[in-house]
Amino acid sequence: MKKILALCLALCMLFALCACGSTSASDSSAQTGDGSQYQRLSIDMSCNGQSDTANDCIGANLFKKYIEEQSGGAITVTVYNNDQLAGGDMTKGLELVMDGTVQMDIHSTSIISRIDNRLMVSCLPWTFADYQSAEDAFFGQGGEFVSSVLAEHGLTYLGALHNGFKCMTSSKTLIKSPADLVGQKIRTPGGDLWNGFWSAMGASPQAMSWAEVYTAMQQGTIDGHDNSPSTINSANVQEVQKYITVSNHTYEAFTWSANTSWFEGLDANTQELIRSCAKQACLDANNLIEVSMEEILTTWENNGFNEVYRLSPGEIEVFKEAVAGVTEKYATEYGEEACSAFGITA
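So, here's what we can say about the structure. (Residues numbered from 1 in each chain as written. Predicted model: local features only at pLDDT ≥ 70, side-chain atom pairs only at ≥ 80, totals over all residues. Heavy atoms only, no water.)

1. What to know about the overall build of the protein chain
Check the secondary structure of the protein chain and you find 14 helices and twelve strands. Accessible surface computed for the protein chain: about 14400 Å², of which carbon and sulfur atoms make up 49%. (Helix = DSSP H or I, 4+ residues; strand = E, 2+ residues; numbered from the N terminus. Areas by Shrake-Rupley, 256 points an atom, 1.4 Å probe, with all protein chains shown as cover.)

2. Comments concerning the packing of helix α2 (residues 55–70) against helix α11 (residues 268–301)
Relative to each other, α2 and α11 sit at 140°, their axes nearing to 8 Å. Here α2 lies oblique to α11, going by the angle between them. Here α2 and α11 pass one another in a crossing that is right-handed. Here Asn55, Ile58, Gly59, Leu62, Phe63, Tyr66, Ile67 and Gln70 of α2 come into contact with α11, specifically with Leu273, Ile274, Cys277, Ala278, Gln280, Ala281, Asp284, Ala285, Leu288, Ile289 and Met293. (Axes fitted to C-alpha atoms, helices over the stretch in contact; angles between N-to-C directions. Parallel < 35°, antiparallel > 145°, perpendicular 65-115°, else oblique. Left-handed = near helix turned anticlockwise from the far one by under 90°. Contact = heavy atoms within 4.5 Å.)

3. Side note on the nonpolar core
Note on soluble globular proteins: their nonpolar side chains tend to be buried together. With 87 residues, the main nonpolar core has Phe63, Met104, Trp256, Ile274 and Phe342 as its most contacted residues. Sorting elements by how many residues they give to this core places α11 first, with ten residues. Formed by 15 residues, the second largest nonpolar core is a distinct cluster that contains Met208, Val213, Ala216 and Leu297. (Core = buried A, V, L, I, M, F, W, Y, C linked by side-chain atoms within 4.5 Å. Buried < 20%, exposed > 50% of the residue type's maximum accessible area, 1.4 Å probe, protein only.)

4. Observations concerning the packing of aromatic side chains
Counted by the stated rule, this structure contains 15 aromatic pairs. Aromatic side chains Trp194 and Phe197 sit 5.4 Å apart centroid to centroid with 80° between the ring planes, which places their arrangement in the edge-to-face category. You can see Trp194 and its partner Phe197 sitting in helix α7 (residues 192–199), three residues apart, about one turn around the helix. For Trp194, a relative accessible area of 5% translates into the label buried. (Phe/Tyr/Trp six-rings, centres within 6.5 Å; stacked < 30°, edge-to-face > 60°.)

5. Structural notes on the pairing of strand β8 (residues 204–207)
The pairing of strand β7 (residues 185–188) with β8 spans four bridges and is parallel. Across the sheet, Arg187 pairs through a bridge with Gln206, a residue of β8. The β-α-β motif built from β7, the intervening α7 and the parallel element β8 has right-handed crossover chirality. (Pairing = 2+ DSSP bridges. Right-handed = clockwise from strand over helix to strand, strands pointing away.)

6. Notes on the side chain of Ser257
Its location among the elements puts Ser257 in strand β11 (residues 251–259). Taking relative accessible area as the criterion, Ser257 reaches 3% and is therefore assigned buried. Leaving out residues up to four positions away in the same chain, Ser257 has contacts with Val97, Gln103, Met104, Asp105, Leu150, Leu155, Thr156 and Leu158.

7. Describing helix α8 (residues 210–219)
Among the residues of α8, those classed as buried are Val213, Ala216 and Met217. Projected down its long axis, α8 carries its buried residues within an arc of 100°, all on one side. Opposite the buried face of α8, at more than 90 degrees from it, the exposed residues are Ala211, Gln218 and Gln219. Residues of α8 that are buried in the fold lie against β6 (167–170), β7 and β9 (224–227). Looking at the residues trailing α8, positive phi occurs at Gly220, about 80°. (Arc of directions from axis to C-beta.)

8. Some remarks on the pairing of strand β4 (residues 104–108)
Burial within β4 is extensive, with five of its five residues counted as buried. Neither face of β4 is open: one carries Met104, Ile106 and Ser108, the other Asp105 and His107, and all of them are buried. Judged from the three bridges that link them, strand β2 (residues 37–47) and β4 form a sheet pairing that is parallel. Bridge pairing in β4 links Ser46 to Asp105. Bridge count for β4 against β11 is five bridges, and the pairing is antiparallel. Among the inter-strand pairings, Ser108 is bridged to a residue of β11, identified as Phe254.

9. Observations regarding unusual backbone geometry
One non-glycine residue with positive phi stands out, namely Asp83, at about 45°. A positive phi angle, near 60°, is found at Asn236, a position not held by glycine. One can find Asn236 in the loop between α9 (229–234) and β10 (243–246). Residue classification places Asn236 among the partly exposed positions, given a relative accessible area of 33%.

10. Structural notes on the pattern of salt bridges
Per the stated rule, a full pass over the model turns up ten salt bridges. Lys65 serves as the salt-bridge partner of Glu69, at 2.7 Å between the closest nitrogen and oxygen. Of the two residues, Glu69 and Lys65 are both situated in helix α2; the distance of four residues between them amounts to about one turn of the helix. Taking the relative accessible area as the measure of exposure, Glu69 reaches 48% and is therefore partly exposed. Glu252 is the partner of Lys166 in a salt bridge, and the nearest nitrogen-oxygen pair spans 3.4 Å. Of the two residues, Lys166 is situated in the loop between β5 (155–165) and β6 and Glu252 in strand β11; the sequence distance between them amounts to 86 residues. Residue class for Glu252 comes out buried when judged on its relative accessible area of 5%. Linked by salt bridges that have partners in common, Asp116, Arg118 and Glu152 make up one network. (Salt bridge = Lys/Arg side-chain N within 4 Å of Asp/Glu carboxyl O.)

11. Structural notes on the environment of Gly72
Looking at where Gly72 falls in the secondary structure, it is placed in the loop between α2 and β3 (75–80). Judged by relative accessible area, which is 60%, Gly72 ranks as exposed. Residues Gly72 and Gln37, spaced 35 residues apart in sequence, show a C-alpha to C-alpha distance of 9.8 Å.

Set out below in structure tokens:
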């Protein structure tokens, strides 16, 4: 019931969003209706989602709504989606918050791990049983680890929201076992973990930028890929990938960070408000996202074109065994501290 109420509240708030903001923080303060003092400032926030329906944009827009209301207008936020300040380059987008060009940033684990490979630990196969366990980790011991790593690179961790559990897709056949992947050309975002993962099941991993994927699928350059239902749906990949397997083989988060030099220059009240609004935006966005994921899967199951297959626990065990060596190898590489933070036995 609490999640339903939170979902309704978050939906109402999303409908009321409006855009405003500029680029710099000042030392002036404003008094809100409850007598609290917050610095008067504008926040530039960068994220990668292409529209307001993208998961990271949902969180960013909720944050904008919450903090502008709770600061009494003293704080304004401008959300730059699609990494528009970085020309669409996700890695460059991350660099912009690191060098202070923007104050806040939301990017996926696969992107932030480029500053420290240990952050990929949360993407190890079948680490989380469900969305709640993932959320608990990123707002618990796992989040503390992420915070410590980001701090080494001049970033302050403010929370994480769901990018989602990934499905396997194919234009060739429904994937029910590792044997179904043999010989298939599977797109990856790059990285040794995913090269090892797909290779262990006999597939041929193909590193490719996301912008190229749809056309490559149309032309048969690749046979399949993996992604969360929301990402697949937003890019209409289901139109060129008939077969979709709900494998939940990896979970990826969107990590929320702020430039530390900027953040620590704010007064204590303003810092606390930012932390509070960011956390609430993450939790409320997660409720919205969880509901939307299942709605998307149901739509595909009933659209007359796609074939959706949900792996059983027993079938998942077969996949786990196939990639056990890869999981062990990278758990060891990421280290005991990283694994322990996310409840993984290295």
